Each structure stands twice: as C-alpha cells, then as structure tokens.
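Structural features, examined
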Number of protein chains: 2
Amino acid sequence: MISNTLSAENLAEAVAIATDNVRNAGGPFGALIVTADGSRFPGVNRVTANNDPTAHAEVTAIRNACAALGTFDLSGAVLYTSCEPCPMCLASALWARVSSVVYAADRHEAAAAGFDDAAFYEFFEGSPAERDALLPVQRLADNGFDRSEPFTLWSSLDTRIEY
Amino acid sequence: MISNTLSAENLAEAVAIATDNVRNAGGPFGALIVTADGSRFPGVNRVTANNDPTAHAEVTAIRNACAALGTFDLSGAVLYTSCEPCPMCLASALWARVSSVVYAADRHEAAAAGFDDAAFYEFFEGSPAERDALLPVQRLADNGFDRSEPFTLWSSLDTRIEY
C-alpha cells in the first residue's frame, strides 16, 4: 500500500495547472507529483513552446521533482495528471518508480482535442503490421562493431550506479 | 519510403557513443539522430549523472536534435541506438515523428546487464493485473473541477500550435 492517499484536490490542481498552461502558450496538459512526505512538484506541457516533443506535463513534473530532490527515484510519489498519460509518460513514471498514477480526462478526450495519444497506444497494443506502419523498428547485425562492448565495460566498473 | 538509407556505420557510431559514455560516468547506452539532410545529433544516457530518469540516450538525442534545429518534428530522421529502445524511448520517437529506428543489442541483453527494459515492455504487453502490479493507473471522477476545461480553452484559441 502506498502511504500517499489519493486526493481529488490534487487532481483538481493538475487540471488547473493545465488550464493555466494554455493561457501561457503551452499545451492543454498539467501534472503534479506529490511525494510521500507531501512535497509538490508541478509540470506543464511545453512541446511547442520549447521545441521538445518529450516535454509532456508528466515528464516535466518527474524531471522537476527529481532535479529538486537530487534523485532519480520517486518511490512513494503519486503522479496526478489532467489527462490519461500517453505511453511515453507511463514508461517515464515506471522508470521514475512512481507508486501510483491518477488522471482526469481520458485518451479519447485528448484525441477529440486533436492529440495522438490514442493512436500511440495502438502502437503498443497493435499487431506487428500496425506497429510497422507507425514506426519501423529493426535490428541490424553487428558489422564492424561489437554491440556488447558498452555492457561489458559497464559490468567491469566498480563505480557504476545501478538503477 | 524514407530517403535516409540505414547505415551500419551510423549504428557502430551509436555503440561507440555508448562505450564512451560509460567512461564518462554515464549508463551503457548511446544514440544518434541522423536527419534526412545528413545532420547528426548524438545522445547519451545521463539518468544517474543528471538525476533524470527520462534521460535515456534516445530521448537525449531527440531533445538535442530538436533544440538545435528549432523544431519538435523530426520527420525523415533515423534514430540509431546501441540497444533496443524501451517503451519510453519508442513513444518519444513516435511523438518526434522519427521515420525509422535501428538498434544493435536487444532488450534481453539489457536485462542481462541489470536494466529493467524487458520488465517495462511487459507493462504494455501484459494483462491488467500485471500492469496494476507494476504501476496502478486509475481515473478519478470530476469532484470540484471540470476535467474538460483545459481542452475547451485550448480549442477556443486561434493562437494554438497543433502537433
């Protein structure tokens, strides 16, 4: 169990952050990280404002929280977001070890507003042909290089920080 | 069709970038964006070095390319990466409109080196119970707020930049 009680007030704040961001030339998305000890870190969508396709509200909130706390591990934190997270944001939350995600609007409401979240879910849930039509991903055989070299060097280092 | 011919030399460079990054206190991952006109933008894993769980090599390369080119759209670009991209990196590539992804080592080789990529693929490919065990994601009903307010304001703006 997470110690962090889910809160409609926090979700309302994420929605208010989203609305404020639209007034500030950002996309209609807002997020709020609340850590187990109650620290709060907002994030907003700055994709077009900052020319960063990865600057979704959830990713920005995770980056803000980690930078402020000096950690790459947000275990115990809840991620509140104004809209159902896309696959990039869900996987970012997994890597950040967030304990729970709570959202307000869903992927279909985002699609109705013109955003591709729903299509990108289909990349992960679709057939190989559907994936390939959206984004071909292929492996090339080693040819003039050793693909295991980075891992071999990494495993030999006593100073490596695992995560 | 992409105009950008897939190149073993570019993939070898991504692997070399990964190896160099290990020598520079980074994780064992490297990436290279090559645009349709041949511009090249490397990226390295700085998760622990920068306290940013989203700073995977592929995400960093996408951010570097977009910042340098002043765009959030990398249509026509190929993303070369030393290791099969995790779901966060794949979805980042989708949002960046990258045209193709090419990798060297695979998710199982990353798992053997201690990285969770394979487990996080299971989040997207697994059952609802498996997803919930990794990261509970839930919707809360509107309670004291209107979840559609950000989209409604967004849709009313003539100045909005769609993506």
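Above this text sits the structure in question.
Each residue is numbered by its place in its chain's sequence as written, counting from 1. Chain labels run from A onward and ligand labels from 1 onward, assigned in the order the entries are written. A pLDDT threshold of at least 70 governs which residues receive local features in this predicted model, and a stricter bar of 80 or more applies before side-chain atom pairs are shown or counted, although totals over entire chains, interfaces and linings include all residues. With hydrogens and water set aside, each side-chain value is computed from the structure's full complement of heavy atoms.

All right, on to the packing of aromatic side chains then. Pairing of aromatic rings covers Phe, Tyr and Trp, the last counted by its six-membered ring, and requires centre-to-centre distances within 6.5 Å; plane angles under 30 degrees mean stacked, over 60 mean edge-to-face, and any other angle means tilted. One pass over the structure, following the stated rule, counts 17 aromatic pairs over all chains. When the centroid spacing of 4.7 Å and the interplanar angle of 80° are considered together, the rings of W95 of chain A and F120 of chain B count as edge-to-face. Remark: F120 of chain B occurs in helix α6 (residues 117-125) and W95 of chain A occurs in helix α4 (residues 87-95); the pair is interchain, linking two chains. Accessibility classification places W95 of chain A together with F120 of chain B in one group, the buried group. Runs of H or I in DSSP of at least four residues are treated as helices and runs of E of at least two as strands, each being numbered from the N terminus. Relative accessibility decides the category of a residue: with a 1.4 Å probe and only protein chains considered, values under 20% of the type maximum give buried, values over 50% give exposed, and everything between is partly exposed.

Should any heavy atoms of two residues lie within 4.5 Å, those residues are counted as being in contact. The interface is formed by 81 residues belonging to chain A together with 81 residues belonging to chain B. Summed over both partners, the interface of chain A with chain B buries about 7,700 Å², with 71% contributed by carbon and sulfur atoms. Put simply, buried area is the surface a 1.4 Å probe can reach on two separate parts but cannot reach once they are joined, added for both. Among the residues chain A hides against chain B, the three largest losses belong to W95, F151 and Y163 of chain A. Together they make up 11% of the total. Salt bridges are identified by distance alone: a Lys or Arg side-chain nitrogen within 4 Å of an Asp or Glu carboxyl oxygen. Summed over the shared surface of chain A and chain B, the result is 10 salt bridges. When the shortest N-O distance is used, the salt bridge between E109 of chain B and R139 of chain A registers 2.9 Å. Here a polar contact is recorded for every N or O atom pair within 3.5 Å, except that within protein the pair must consist of a potential hydrogen donor and a potential acceptor, and residues adjacent in sequence are included only if both atoms are side-chain atoms. For the pair chain A and chain B, the number of links is 24 residue pairs in polar contact (both at pLDDT 80 or more).

Residues apart from glycine generally show negative phi values, whereas peptide bonds are mostly found in trans. Residue and element names in this part refer to chain B. At N51, a residue that is not glycine, the phi angle is positive and equals roughly 50°. Of note, N51 is situated in the loop between α2 (47-50) and α3 (57-69). A positive phi angle, close to 65°, is found at R97, a residue other than glycine. Here R97 lies in the loop between α4 (87-95) and β4 (100-105).

With that out of the way, let us pick up the side chain of N21 of chain B. On the secondary structure map, N21 of chain B appears in helix α1 (residues 8-23). Setting aside chain neighbours within four positions, we find N21 of chain B in contact with G26, G27, F29, V44, N45 and R46 of chain B.

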